[in-house]
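# Chain and residue survey
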Amino acid sequence: MAPLFGAIRSGTMILSPYGEIVREEWLNTIDIRRNVELDEWVVMPNHVHVLMLPRVELPVITRWLKGSTARRANQLGDEGRGGAIVDILGRADLNDASL
């Protein structure tokens with residue numbers, strides 16, 4: 001199966017429609033979520049890297065992202081892809097870098 005979020009071509013990440021959904025939902029975070037401060041982030045072909053300052057528990061943030069992206073993916077007409085996004089985002093390697 002091809003990577004869900006897109007592909008890297010000539011050193012540039014080309015987002016698929018599903019990758020665009022993930023990108024747009026992170027951009028929406030800036031406007032609608034006051035409980036997270038985004039620093040740097042990037043959508044990769046099969047995962048997402050995020051540096052953020054959470055003001056709530058990390059599972060709250062991942063639940064929001066997984067839910068909002070899966071709902072939008074399902075609206076594209078491929079019900080199975082929403083579940084795939086949840087699976088990919090659900091494998092988050094959450095490291096607490098606070099001191």
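Residues numbered from 1 in each chain as written. Predicted model: local features only at pLDDT ≥ 70, side-chain atom pairs only at ≥ 80, totals over all residues. Heavy atoms only, no water.

## Let's talk about the side chain of glutamate 25
As a reminder, the rule being used: Numbering goes from the N terminus for both helices and strands, where a helix is a DSSP run of H or I of at least four residues and a strand is a run of E of at least two. Residue burial is assigned from relative accessible area. The probe radius is 1.4 Å, only protein chains are included, and a residue is buried under 20% of its type maximum, exposed over 50%, and partly exposed in between. Polar contact is the term for a pair of N or O atoms within 3.5 Å; when the atoms are in protein, one must be able to donate a hydrogen and the other to accept it, and sequence-neighboring residues count only if both atoms are side-chain atoms. Contact criterion: two residues are considered in contact whenever any of their non-hydrogen atoms come within 4.5 Å of each other.
Within the secondary structure layout, glutamate 25 lies in helix α1 (residues 17-32). The buried category is assigned to glutamate 25, whose relative accessible area is 7%. Polar side-chain contacts of glutamate 25 include one of 3.4 Å to the side chain of serine 68. Not counting residues up to four positions away in its chain, the partners in contact with glutamate 25 are Trp64, Leu65, Ser68, Thr69 and Arg72.

## A look at helix α2 (residues 58-75)
Formally: Given the number of residues in a helix, its expected span is that number minus one, multiplied by 1.5 Å.
Taking 1.5 Å per residue as the helical rise, α2 with its 18 residues ought to reach 26 Å, and the 26 Å between its terminal C-alpha atoms agrees with that figure. Taken as a whole, α2 has its buried residues at Ile61, Trp64, Leu65, Ser68, Thr69, Ala70 and Ala73.

## Re the packing of α1 against α2
Which entries qualify depends on this criterion: Angles here are taken between N-to-C directions and fall from 0 to 180 degrees, while the axes themselves are lines fitted to C-alpha atoms, restricted in helices to the stretch in contact. Any angle from 65 to 115 degrees is called roughly perpendicular, while one under 35 is roughly parallel, one over 145 is roughly antiparallel, and all others are oblique. Crossings are assigned a handedness: left-handed for a near helix turned anticlockwise from the far helix by less than a right angle, right-handed for a clockwise turn. Residues are grouped as follows: Ala, Val, Leu, Ile, Met, Phe, Trp, Tyr, Cys and Pro are nonpolar; Asp, Glu, Lys and Arg are charged; all remaining types, including Gly, are polar.
Here α1 crosses α2 at 130°, and the two axes come no closer than 10 Å. By the angle between their axes, α1 is oblique relative to α2. Seen from above, α1 lies across α2 with right-handed handedness. Taking contact as the criterion, the partners of Tyr18, Ile21, Val22, Glu24, Glu25, Trp26, Thr29 and Ile32 in α1 are, on α2, Ile61, Trp64, Leu65, Ser68, Thr69, Arg72 and Ala73. Per-class residue counts for the contact of α1 with α2 are 9 nonpolar, 3 polar and 3 charged.

## A word on unusual backbone geometry
Peptide bonds are, in most cases, trans, and in most cases residues other than glycine have a negative phi. One non-glycine residue with positive phi stands out, namely serine 10, at about 50°. For serine 10, the location among the structural elements is in the loop between β1 (6-9) and β2 (12-15). Accessibility expressed as a relative area gives 82% for serine 10, which makes it exposed.

## A few points about α1
Put simply, the rule is: By arc we mean the arc of the directions from the helix axis to the C-beta atoms, nothing more.
Here α1 is 16 residues long and its end C-alpha atoms lie 22 Å apart, about the 22 Å a rise of 1.5 Å per residue gives. Of the residues making up α1, those classed as buried are Tyr18, Gly19, Ile21, Val22, Glu25, Trp26 and Thr29. Buried residues along α1 cover an arc of 160° about the axis, so they all sit on one side. Exposed side chains of α1 directed beyond 90 degrees from the buried face belong to Pro17 and Asp31.

## Let's talk about the pattern of salt bridges
Test applied: When a carboxyl oxygen of Asp or Glu lies within 4 Å of a side-chain nitrogen of Lys or Arg, that pair is called a salt bridge.
Applying the stated criterion to the full structure yields 4 salt bridges. Across the pair glutamate 24 and arginine 72 runs a salt bridge whose closest N-O atoms are separated by 2.4 Å. Of this pair, glutamate 24 sits in helix α1 while arginine 72 is found in helix α2, placing the two residues 48 residues apart along the sequence. A relative accessible area of 27% means that glutamate 24 is categorised as partly exposed. Glutamate 37 is the partner of arginine 55 in a salt bridge, and the nearest nitrogen-oxygen pair spans 2.8 Å. Note that arginine 55 is positioned in the loop between β4 (48-54) and α2 and glutamate 37 in strand β3 (residues 36-43), a separation of 18 residues in sequence. Among the residues examined, arginine 55 registers a relative accessible area of 48% and is labelled partly exposed. Since its relative accessible area comes to 40%, glutamate 37 is described here as partly exposed. Beyond isolated ion pairs, a larger network of salt bridges with shared partners links Glu24, Glu25 and Arg72.

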